[in-house]
Amino acid sequence: MTNDHKRLNKLSTEPYKGVRDFYPEDQRVQNYIFGKMREVAESFGYSEYNASVLEPAELYEVKSGEEIVNEQMYVFEDRGGRRVALRPEMTPTLARMVAARRRELSLPLRWYTIANMFRYERPQRGRLREHWQLNCDLIGPNGPAADAEIITIAWKLLMSLGLKEEHVGIRVSHRGIFADILDKVGLPAEKQAVVRNLIDRKDKISKGEFEEGMIEAAGGEDISKKLLSRLHEKEGKSELLALTPIKALYDLLSASGINNTAITYDLWLMRGFDYYTGMVFEVFDKHPDNNRALFGGGRYDNLLEIFGSEKIPAVGFGMGDVAIRNTLETYRLLPENLQMSSIQLYICVLAEQFAGHATALGQNLRDKNIKVAVDYSGRKIADQVKKANKDAVPYILFVGEEEIKIGKYRVKRMTDGQERTLAENEIKILFRPKYD
Ligand code: HAM
């Protein structure tokens, strides 16, 4: 054996740290979740778009936010010396695409995508180095009705996956209202983003680090104290809910069937991105095992400006596949039949010389929209049946000398072992949809 061979034999079968392999049973779960995402987004009239995972790194450096850019982004230099990023989020790509066709596109745009994202994070429950994200964005209208539509899509998607208000909740906040509080304690505009980012990381750092960071970010102990006490004082106060954009938002959400009890105004909710300008929100699972946000989003009215485009108001959210899967597993809300393969009929071949006949029969049945797999293993019939059983195939059919001679096949229903002898053109009856 050459050295090369030896080395190859020792390659690990583990995927790269923090990413997943999707075996068919995992992919079926993924497809189920993606199917619901598409169904709900399209029910609100959203059109699907997509783009490459490769983007110029600078796309994120202007407005995405310090943590994503400095700590989480995968960046490399290509052979032509360009700095390239694996996309960590979709919003800058969307803004780029809209700005590029600004003149041709007629607003409002309702767009969605289900796309793969990459972030160099410490892998943990609910957080990985790659994930898929549904993004829904409404570009054009300003104001609470558009904000409410975006939150409603998020909520309806959860409901369509079987979740209820007892499982999940919405946290909202507003950058403008937060900025007013900072203005009133005298914190200059240029320091506000640093303060926001620090508050965003509050739960990831120690109390001491947070307090020291605040003194530095706010520019002194006095102003930092004043700021924190002001935030604590305002926290949970109903006066915040009486503010025009928030009251309007609550009313509109309730018109869409989302109870006010499902929503919490959370003054401390920052969202890490610098581009948000108004309402921000997160949807979370109330179960203590799943403390990661299911959705995050908000209004970003100035992002298109970075491309020299005129200001266009926009609002949207991203929802990851990792946390929602944990949530659906926790509450046992994944349909049981996802464990089964998609094969409806498995043809067992009694001896090799019947393989041709089985192939032709299989193809004829596929032409009638039945999902058929033929067993070419040449193994004993008992083993072929075992395989069909393991894959939870609902029906098996036998092709042997006798069947070919009489032109009828033994078909066995696997759930209860019931057998019928059917001619080729009768088999499709088994797969007709049943109506109540
Ligand atoms: P985000 O909060 O960073 O927002 O991500 C949205 C969602 O993606 C999160 O709530 C979470 O479910 C999922 N997610 C994010 N990072 C990871 C990770 N490392 N592993 C697993 N899941 C993750 C954005 O990305 C914004 N661009 C969303 C947006 C769209 N805002 C406006 N339009």
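Here's what I pulled together on the structure shown here. (Residues numbered from 1 in each chain as written. Predicted model: local features only at pLDDT ≥ 70, side-chain atom pairs only at ≥ 80, totals over all residues. Heavy atoms only, no water.)

## Digging into the overall build of the protein chain
The secondary structure content of the protein chain amounts to 16 helices and 16 strands. Against the compact-globule benchmark of 22 Å for 436 residues, the protein chain has a radius of gyration of 28 Å, which places it well outside the compact range. Along the three orthogonal principal directions, the C-alpha set of the protein chain runs to about 95 × 65 × 45 Å. Burial statistics for the protein chain: of 436 residues in total, 46% are counted as buried. Long-range pairs, those at least 24 residues apart, make up 69% of the contacts in the protein chain between residues at least 6 apart in sequence. (Helix = DSSP H or I, 4+ residues; strand = E, 2+ residues; numbered from the N terminus. Rg over C-alpha atoms; globule rule 2.2 N^0.38 Å. Buried < 20%, exposed > 50% of the residue type's maximum accessible area, 1.4 Å probe, protein only. Contact = heavy atoms within 4.5 Å.)

## Section: the pattern of salt bridges
Evaluated as defined, the whole model comprises 27 salt bridges. A salt bridge links Arg20 to Asp321, with the nearest nitrogen and oxygen atoms 2.9 Å apart. With Arg20 in the loop between helix H1 (3–9) and helix H2 (24–43) and Asp321 in helix H13 (residues 321–330), the pair connects residues that are 301 residues apart, well separated along the chain. Owing to a relative accessible area of 0%, Asp321 belongs among the buried residues under this scheme. With its nearest N and O atoms 2.9 Å apart, the salt bridge here joins Glu48 to Arg38. Of this pair, Glu48 sits in strand E1 (residues 47–48) while Arg38 sits in helix H2, and the two are ten residues apart along the sequence. A single salt-bridge network, built from bridges that share partners, covers Arg20, Glu130 and Asp321. (Salt bridge = Lys/Arg side-chain N within 4 Å of Asp/Glu carboxyl O.)

## Thoughts on the site of the ligand
Taken together, 26 residues lie around the ligand, and Glu89, Thr91, Glu121, Arg127 and Arg271 are the ones closest in. Asp137 is positioned such that a nitrogen or oxygen atom in its side chain is 2.9 Å from a nitrogen atom of the ligand. In isolation the ligand has 660 Å² of accessible area, and contact with the protein removes 98% of it. Residue contributions to the shell around the ligand peak at five residues, all from strand E10 (residues 293–299). Across the shell around the ligand, the residue classes tally to ten nonpolar, ten polar and six charged. (Near = heavy atom within 4 Å. Polar contact = N/O pair within 3.5 Å; in protein donor to acceptor, adjacent residues only side chain to side chain. Areas by Shrake-Rupley, 256 points an atom, 1.4 Å probe, with all protein chains shown as cover. Nonpolar A, V, L, I, M, F, W, Y, C, P; charged D, E, K, R; others polar.)

## Things to note about the side chain of Asp321
There is a polar contact of 2.8 Å between the side chain of Asp321 and the backbone nitrogen of Trp132. If we ignore the near neighbours within four places in the chain, the residues touching Asp321 are Arg20, Phe22, Gln30, Phe34, His131 and Trp132.

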